[in-house]
Amino acid sequence: MQGPSDEPRGPAWRGRPARPRRPLGLPGALALLGLWTFATLANAFPGLTGGALLSPLPQVLATLILLASLAIFRWSDTALALPVPGTWRLFWLPYLYLPLFAAGIWSFGGIPASLLIALAAAMVWVALSEELMFRGLLFPALRRRFRPWAAIWLTSLLFGAVHLGNGWIEGAHGLALGQSLAAVSTGLVLLAMRLRTGSLWLPMLYHFLWNIGSFGLDAALARQGNGPDWLTDPNPLVRIAVSLGLVLPNGLYALWLMRGVGRGDLPGDVPGPNREGGSR
């Protein structure tokens, strides 16, 4: 029988210690944004893909790239924790847009269930990849380098810029510009959700439902072949004005919700260049 004096000396082996989580630097975030943009817009360059990446495969590819990067590098400040309890109630105004979309789709004849399912299958990947890229990785990298409002506007403007590709290549410049400007406003809302809830889960869910509503409304109008002049006017300036007018209340409300950024009282904020900011 082994006595006390025969016990092995030294601390018990506990396995390899977990690697510490570190924030993603701005150069790495910009490089990842370039890779993400290439993946999501791959079909815009037929010479590269031959149009083989049917929707939602580009967004699936982009999401897998981001998830693999997160698993390998274990970046911090990505806001993948659960939301702070009760903070979801702050976004009552953005929520009002969702039943309005549903009412618009119904009033213009609706869309087939098969199209709705296909739309949902595509938009879940869009929401995942765009939220991980912009609000999960790019914003904290910008926030650590710049003052809070500079990081907020840079994140939202870059988010709007990538939406230019939706129609610009096909020559629908007015529509593309209107979508891009509207995306800036929506991006502010999604960033406010991250900052006030401390989590990406509400922005992901809202982004998913917003896209189903907005694209579903477009599909309903296209199937009917007509609609109110203020929605279907081909004049680019009118389309831009309509897009901005519809989303402007949402964006202004988001700016109000983010008024405390940089003071350390928003759970989704991160320390800035002079160490001010919220919890990690």
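Attention in this report is confined to the structure presented alongside it. (Residues numbered from 1 in each chain as written. Predicted model: local features only at pLDDT ≥ 70, side-chain atom pairs only at ≥ 80, totals over all residues. Heavy atoms only, no water.)

### Overview of the overall build of the protein chain
Right, so step 1: Counting secondary structure elements, the protein chain contains 10 helices and zero strands.
Right, so step 2: Listed N to C, the secondary structure of the protein chain is α-α-α-α-α-α-α-α-α-α in terms of helices and strands.
Right, so step 3: The buried share of the protein chain, taken over its 280 residues, is 43%.
Right, so step 4: Restricting the contact set of the protein chain to residue pairs at least 6 apart, pairs at least 24 apart contribute 78%.
Right, so step 5: Of the roughly 14,900 Å² of accessible surface on the protein chain, 68% is carried by carbon and sulfur atoms. (Helix = DSSP H or I, 4+ residues; strand = E, 2+ residues; numbered from the N terminus. Buried < 20%, exposed > 50% of the residue type's maximum accessible area, 1.4 Å probe, protein only. Contact = heavy atoms within 4.5 Å. Areas by Shrake-Rupley, 256 points an atom, 1.4 Å probe, with all protein chains shown as cover.)

### Re a nonpolar patch on the surface
Right, so step 1: Where nonpolar side chains cluster on the molecular surface, the patch consists of L80, L82 and W201 and spans about 330 Å² of accessible area.
Right, so step 2: We classify L82 as exposed; its relative accessible area is 69%. (Patch = residues over 30% accessible without salt bridge, like charges linked within 9 Å, V, L, I, M, F, W, Y side chains within 5 Å. Salt bridge = Lys/Arg side-chain N within 4 Å of Asp/Glu carboxyl O.)

### Considerations on the nonpolar core
Right, so step 1: Within the largest apolar cluster, 54 residues are counted, with the highest numbers of intra-cluster contacts made by W36, M133, F134, L137, I152, L195 and M258.
Right, so step 2: At the level of secondary structure, the elements contributing two or more residues to this core comprise α1 (26-40), α3 (57-73), α4 (92-107), α5 (113-145), α6 (148-162), α7 (173-197), α8 (201-224) and α10 (236-257).
Right, so step 3: Looking at this core element by element, the count peaks at nine residues for α7.
Right, so step 4: The residues contacting I152, other than those within four sequence positions of it, are F139, L188, L191, L195, M258 and V261. (Core = buried A, V, L, I, M, F, W, Y, C linked by side-chain atoms within 4.5 Å.)

### Quick look at the packing of α4 against α8
Right, so step 1: In contact at an axis separation of 9 Å, α4 and α8 are set at 25° when each is read in the N-to-C sense. Taken together, the axes of α4 and α8 lie roughly parallel to each other. Classified by chirality, the crossing of α8 by α4 is left-handed. Note on element contacts: α8 touches α4 through L202, Y206, L209, W210, I212, G213, S214, G216, L217 and A220, opposite P94, Y95, Y97, L98, F101, G104 and I105. (Axes fitted to C-alpha atoms, helices over the stretch in contact; angles between N-to-C directions. Parallel < 35°, antiparallel > 145°, perpendicular 65-115°, else oblique. Left-handed = near helix turned anticlockwise from the far one by under 90°.)

### As for the side chain of R194
Right, so step 1: Mapped onto the elements of the fold, R194 is located in helix α7.
Right, so step 2: One buried charged residue, R194, forms no salt bridge at all, with the nearest opposite charge on D77 at 5.9 Å.
Right, so step 3: Beyond its immediate sequence surroundings of up to four residues, R194 is in contact with D77, T78, A79, R135, G136, F139, P140, S199, L200, P203, G268 and V270. (Lys, Arg positive; Asp, Glu negative; His and termini not counted.)

### What about the pattern of salt bridges?
Right, so step 1: Inspection of the entire model under this criterion finds four salt bridges.
Right, so step 2: R143 is paired through a salt bridge with D269; the nearest N and O atoms lie 2.8 Å apart. With a gap of 126 residues between them, R143 in helix α5 and D269 in the segment after α10 connect regions that are remote in the sequence. For the residue pair R143 and D269, the accessibility class agrees, reading buried in each case.
Right, so step 3: One salt bridge in this structure joins R263 and D265, with 3.7 Å as the shortest N-O distance.
Right, so step 4: Owing to a relative accessible area of 45%, D265 belongs among the partly exposed residues under this scheme.

### Thoughts on unusual backbone geometry
Right, so step 1: Not every positive phi belongs to a glycine, and R74 is a case in point at roughly 50°.
Right, so step 2: Relative to the helices and strands, R74 resides in the loop between α3 and α4.

### Examining the packing of α1 against α5
Right, so step 1: In contact at an axis separation of 9 Å, α1 and α5 are set at 155° when each is read in the N-to-C sense. Taken together, the axes of α1 and α5 are roughly antiparallel relative to one another. As α1 runs across α5, the sense of the crossing is left-handed. In this structure, α1 contributes L26, P27, A29, L30, L32, L33 and W36 to the contact, and α5 contributes S129, E130, M133, F134, L137, L138, A141, L142 and R145.
Right, so step 2: Its residues assigned to classes, the contact of α1 with α5 comprises 13 nonpolar, one polar and two charged. (Nonpolar A, V, L, I, M, F, W, Y, C, P; charged D, E, K, R; others polar.)

### Quick look at α1
Right, so step 1: Taking 1.5 Å per residue, 15 residues should reach 21 Å; α1 reaches 21 Å between its end C-alpha atoms and fits that length.
Right, so step 2: Packed against the buried residues of α1 are α3, α5 and α6. (Expected span 1.5 Å × (residues − 1).)

### Structural notes on the environment of A182
Right, so step 1: Inspection of the secondary structure puts A182 in helix α7.
Right, so step 2: The spatial distance from the C-alpha of A182 to the C-alpha of H163 is 9.4 Å, given a sequence separation of 19 residues.
Right, so step 3: Apart from the residues lying within four places of it in its own chain, the contact partners of A182 are S243, L244 and V247.

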